[in-house]
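Chain residues, written in single-letter form:
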Amino acid sequence: MPELIRVVDLTQVDETKFARRCVGCLVLTQDLKILLQHRPEHWRTHPGCLATFGGGIEPGESPMEALVRELHEELGAKVIPSDVISLGTITEAITNYSELIYHYFWHDKQGTITGCYECEPKYYDTVDEIVAHPKVMDDVRWLLRECQNRGLLKKLK
(Lines give C-alpha, C1' and ligand atoms only; values in the text may rest on other atoms or scores of the structure.)
Protein backbone atom coordinates (compact mmCIF):
# COMPACT_ATOMS: atom_id res chain seq x y z
CA MET A 1 0.00 0.00 0.00
CA PRO A 2 1.49 3.39 -0.95
CA GLU A 3 2.06 5.97 1.76
CA LEU A 4 -0.76 8.50 1.51
CA ILE A 5 1.11 11.41 3.09
CA ARG A 6 4.78 12.31 2.92
CA VAL A 7 6.17 14.91 5.28
CA VAL A 8 8.51 17.22 3.38
CA ASP A 9 11.70 18.64 4.86
CA LEU A 10 11.86 22.07 3.24
CA THR A 11 15.62 22.22 3.74
CA GLN A 12 16.00 19.16 1.49
CA VAL A 13 13.72 20.06 -1.46
CA ASP A 14 13.32 22.73 -4.09
CA GLU A 15 9.81 24.09 -3.57
CA THR A 16 9.66 25.28 -7.19
CA LYS A 17 9.76 21.66 -8.40
CA PHE A 18 6.16 21.13 -7.23
CA ALA A 19 3.34 21.82 -9.69
CA ARG A 20 1.37 23.70 -7.04
CA ARG A 21 1.95 25.17 -3.58
CA CYS A 22 -0.99 25.37 -1.19
CA VAL A 23 -1.96 25.99 2.41
CA GLY A 24 -4.42 24.11 4.57
CA CYS A 25 -5.63 24.81 8.08
CA LEU A 26 -7.43 22.89 10.78
CA VAL A 27 -9.62 25.49 12.48
CA LEU A 28 -10.80 25.37 16.08
CA THR A 29 -13.64 27.79 16.76
CA GLN A 30 -13.97 30.05 19.77
CA ASP A 31 -16.38 27.54 21.35
CA LEU A 32 -13.92 24.64 20.78
CA LYS A 33 -15.54 23.04 17.73
CA ILE A 34 -13.38 21.66 14.92
CA LEU A 35 -14.52 23.44 11.76
CA LEU A 36 -14.08 21.75 8.39
CA GLN A 37 -15.70 22.21 5.00
CA HIS A 38 -17.83 19.61 3.26
CA ARG A 39 -17.42 19.87 -0.48
CA PRO A 40 -20.57 19.38 -2.57
CA GLU A 41 -20.84 16.42 -4.94
CA HIS A 42 -20.41 18.75 -7.95
CA TRP A 43 -17.19 20.36 -6.60
CA ARG A 44 -14.28 20.32 -9.08
CA THR A 45 -11.76 18.66 -6.75
CA HIS A 46 -12.46 15.91 -4.24
CA PRO A 47 -16.27 16.15 -4.39
CA GLY A 48 -18.20 15.03 -1.33
CA CYS A 49 -15.09 15.14 0.87
CA LEU A 50 -14.46 16.68 4.24
CA ALA A 51 -11.57 19.12 3.84
CA THR A 52 -9.61 21.88 5.53
CA PHE A 53 -9.84 25.56 4.69
CA GLY A 54 -7.10 26.99 2.52
CA GLY A 55 -6.00 27.10 -1.08
CA GLY A 56 -3.30 28.00 -3.52
CA ILE A 57 -0.38 30.28 -2.78
CA GLU A 58 -0.30 33.17 -5.25
CA PRO A 59 2.94 34.35 -6.91
CA GLY A 60 4.98 36.51 -4.54
CA GLU A 61 2.95 35.41 -1.53
CA SER A 62 4.38 33.59 1.48
CA PRO A 63 2.54 30.55 2.85
CA MET A 64 1.44 32.58 5.90
CA GLU A 65 0.16 35.44 3.74
CA ALA A 66 -1.79 32.90 1.68
CA LEU A 67 -3.27 31.34 4.83
CA VAL A 68 -4.38 34.70 6.24
CA ARG A 69 -5.93 35.61 2.87
CA GLU A 70 -7.66 32.26 2.38
CA LEU A 71 -9.15 32.16 5.89
CA HIS A 72 -10.43 35.69 5.39
CA GLU A 73 -11.94 34.82 2.00
CA GLU A 74 -13.48 31.53 3.13
CA LEU A 75 -14.48 32.35 6.73
CA GLY A 76 -14.33 36.13 7.05
CA ALA A 77 -11.71 35.47 9.74
CA LYS A 78 -9.19 38.00 10.99
CA VAL A 79 -6.13 35.85 11.52
CA ILE A 80 -3.13 37.14 13.45
CA PRO A 81 -0.11 35.19 12.17
CA SER A 82 1.38 34.80 15.66
CA ASP A 83 -1.77 32.85 16.65
CA VAL A 84 -1.17 30.25 13.92
CA ILE A 85 0.78 27.06 14.60
CA SER A 86 2.72 25.49 11.75
CA LEU A 87 2.28 21.71 11.74
CA GLY A 88 4.45 20.81 8.79
CA THR A 89 4.61 20.58 5.04
CA ILE A 90 3.35 17.53 3.20
CA THR A 91 2.67 16.08 -0.20
CA GLU A 92 -0.01 13.50 -0.96
CA ALA A 93 -0.44 10.35 -3.01
CA ILE A 94 -3.80 11.65 -4.28
CA THR A 95 -1.89 14.32 -6.30
CA ASN A 96 0.93 11.93 -7.22
CA TYR A 97 3.06 13.97 -4.79
CA SER A 98 2.96 16.94 -7.17
CA GLU A 99 1.55 19.51 -4.72
CA LEU A 100 3.29 20.94 -1.68
CA ILE A 101 0.90 21.77 1.17
CA TYR A 102 1.88 23.89 4.17
CA HIS A 103 -0.38 22.86 7.06
CA TYR A 104 -1.44 24.89 10.04
CA PHE A 105 -3.65 24.91 13.13
CA TRP A 106 -5.54 28.04 14.15
CA HIS A 107 -7.77 28.55 17.17
CA ASP A 108 -10.14 31.47 16.62
CA LYS A 109 -9.99 32.55 20.27
CA GLN A 110 -11.37 36.01 19.45
CA GLY A 111 -14.40 34.71 17.52
CA THR A 112 -13.56 36.49 14.26
CA ILE A 113 -15.19 33.93 11.93
CA THR A 114 -18.23 35.55 10.32
CA GLY A 115 -19.50 32.69 8.16
CA CYS A 116 -18.48 30.03 5.68
CA TYR A 117 -18.28 31.39 2.17
CA GLU A 118 -17.07 28.25 0.44
CA CYS A 119 -18.74 24.85 0.65
CA GLU A 120 -20.79 23.73 3.66
CA PRO A 121 -19.42 24.27 7.18
CA LYS A 122 -19.24 21.22 9.43
CA TYR A 123 -18.65 21.56 13.16
CA TYR A 124 -17.39 18.66 15.24
CA ASP A 125 -16.95 18.06 18.96
CA THR A 126 -14.59 15.11 18.63
CA VAL A 127 -11.98 13.67 16.32
CA ASP A 128 -13.91 10.37 16.31
CA GLU A 129 -16.92 12.11 14.73
CA ILE A 130 -14.71 13.37 11.92
CA VAL A 131 -12.97 10.10 11.12
CA ALA A 132 -16.38 8.37 11.02
CA HIS A 133 -17.27 10.48 7.97
CA PRO A 134 -17.09 8.27 4.84
CA LYS A 135 -14.97 10.72 2.78
CA VAL A 136 -12.30 12.42 4.88
CA MET A 137 -9.34 13.85 2.97
CA ASP A 138 -6.00 12.18 3.81
CA ASP A 139 -4.48 15.48 4.92
CA VAL A 140 -7.33 16.02 7.39
CA ARG A 141 -6.57 12.66 9.01
CA TRP A 142 -2.88 13.59 9.18
CA LEU A 143 -3.69 17.01 10.66
CA LEU A 144 -5.95 15.51 13.30
CA ARG A 145 -3.20 13.11 14.41
CA GLU A 146 -0.63 15.93 14.47
CA CYS A 147 -2.94 18.14 16.52
CA GLN A 148 -3.64 15.35 18.98
CA ASN A 149 0.07 14.48 19.26
CA ARG A 150 0.84 18.12 20.06
CA GLY A 151 -2.03 18.49 22.56
CA LEU A 152 -3.86 21.07 20.45
CA LEU A 153 -7.20 19.24 20.58
CA LYS A 154 -7.03 17.99 24.17
CA LYS A 155 -9.78 20.38 25.34
CA LEU A 156 -12.38 18.74 23.12
CA LYS A 157 -14.98 16.38 24.55
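Structure: see above.
Residues numbered from 1 in each chain as written. Predicted model: local features only at pLDDT ≥ 70, side-chain atom pairs only at ≥ 80, totals over all residues. Heavy atoms only, no water.

Draft legend 1. Highlighting the overall build of the protein chain. When helices and strands are tallied, the protein chain shows three helices and eight strands. Its C-alpha atoms give the protein chain principal-axis dimensions of roughly 40 × 35 × 35 Å. Residue burial in the protein chain is summarised as follows: out of 157 residues, 50% are buried. Counting contacts in the protein chain only where the partners sit at least 6 residues apart, residues at least 24 apart contribute 70% of the total. Just so you have it, the protein chain exposes about 8,300 Å², and 51% of that area is on carbon and sulfur atoms. Taking the average place of the 18 positive charges on the side chains of the protein chain and the average place of its 24 negative ones, the gap between the two points comes to 3 Å. (Helix = DSSP H or I, 4+ residues; strand = E, 2+ residues; numbered from the N terminus. Buried < 20%, exposed > 50% of the residue type's maximum accessible area, 1.4 Å probe, protein only. Contact = heavy atoms within 4.5 Å. Areas by Shrake-Rupley, 256 points an atom, 1.4 Å probe, with all protein chains shown as cover. Lys, Arg positive; Asp, Glu negative; His and termini not counted. Charge placed at Lys NZ, Arg CZ, Asp CG, Glu CD.)

Draft legend 2. Local environment of the side chain of Thr29. Looking at where Thr29 falls in the secondary structure, it is placed in the loop between strand 2 (20–28) and strand 3 (34–38). According to the relative accessible area criterion, Thr29 is buried, its value standing at 6%. Setting aside residues no more than four positions away along its own chain, Thr29 makes contact with Leu35, His107, Asp108, Ile113 and Tyr123.

Draft legend 3. Quick look at the environment of Ile80. Relative to the assigned elements, Ile80 resides in the loop between helix 1 (63–75) and strand 6 (84–92). The partly exposed category is assigned to Ile80, whose relative accessible area is 46%. Sequence spacing of Ile80 and Asp108 is 28 residues, and the spatial spacing of their C-alpha atoms is 9.6 Å.

Draft legend 4. A look at helix 1. Taking 1.5 Å per residue, 13 residues should reach 18 Å; helix 1 reaches 18 Å between its end C-alpha atoms and fits that length. Restricting attention to buried positions, one finds in helix 1 the residues Pro63, Ala66, Leu67, Arg69, Glu70, Leu71, Glu74 and Leu75. On its buried side, helix 1 packs onto strand 2, strand 3, strand 5 (53–56), strand 6 and strand 7 (99–107). Looking one or two residues beyond helix 1, the residue adopting positive phi is Gly76, at roughly 70 degrees. (Expected span 1.5 Å × (residues − 1).)

Draft legend 5. A look at helix 3 (residues 138–149). Its twelve residues place the ends of helix 3 17 Å apart at the C-alpha level, agreeing with the 16 Å of an ideal helix rising 1.5 Å per residue. Taken together, the buried positions of helix 3 are occupied by Asp139, Val140, Trp142, Leu143, Leu144, Glu146 and Cys147. Just downstream of helix 3, Gly151 is the residue with a positive phi angle, here 75 degrees.

Draft legend 6. Geometry of the pattern of salt bridges. For the structure shown, the criterion picks out nine salt bridges. The closest approach of N and O atoms between Arg69 and Glu58, which form a salt bridge, is 3.7 Å. In this pair, Arg69 sits in helix 1 while Glu58 sits in the loop between strand 5 and helix 1, placing the two residues eleven residues apart along the sequence. Judged by its relative accessible area of 18%, Arg69 falls in the buried class. For Arg69, the salt bridge is made with Glu70, and the minimal N-O distance between the two is 3.0 Å. Here Arg69 matches Glu70 in class, with each residue buried. One salt-bridge network, held together by shared partners, links Glu58, Glu61, Arg69, Glu70 and Glu73. (Salt bridge = Lys/Arg side-chain N within 4 Å of Asp/Glu carboxyl O.)

Draft legend 7. Local environment of the layout of surface pockets. By volume, the largest pocket amounts to about 510 Å³. Taken together, 27 residues form the lining of the largest pocket, with Arg20, Arg39, Thr45, Gly54 and Gly55 sitting closest to its centre. When grouped by side-chain class, the residues that make up the lining of the largest pocket number seven nonpolar, ten polar and ten charged. (1 Å grid on protein atoms, 1.4 Å probe; cavity = no way out; pocket = protein on both sides within 12 Å on 5 of 7 lines; lining within 4 Å. Points joined across faces, edges and corners; volume = space filled by probe spheres on them. Nonpolar A, V, L, I, M, F, W, Y, C, P; charged D, E, K, R; others polar.)

Draft legend 8. Expanded view of the environment of Val8. Mapped onto the elements, Val8 comes out in the loop between strand 1 (5–7) and strand 2. Taking the relative accessible area as the measure of exposure, Val8 reaches 12% and is therefore buried. C-alpha of Val8 to C-alpha of Ile90: the two residues are 82 residues apart in sequence and 5.2 Å apart in space. Apart from residues no more than four positions distant in its own chain, Val8 is found in contact with Val13, Thr89, Ile90, Thr91 and Leu100.

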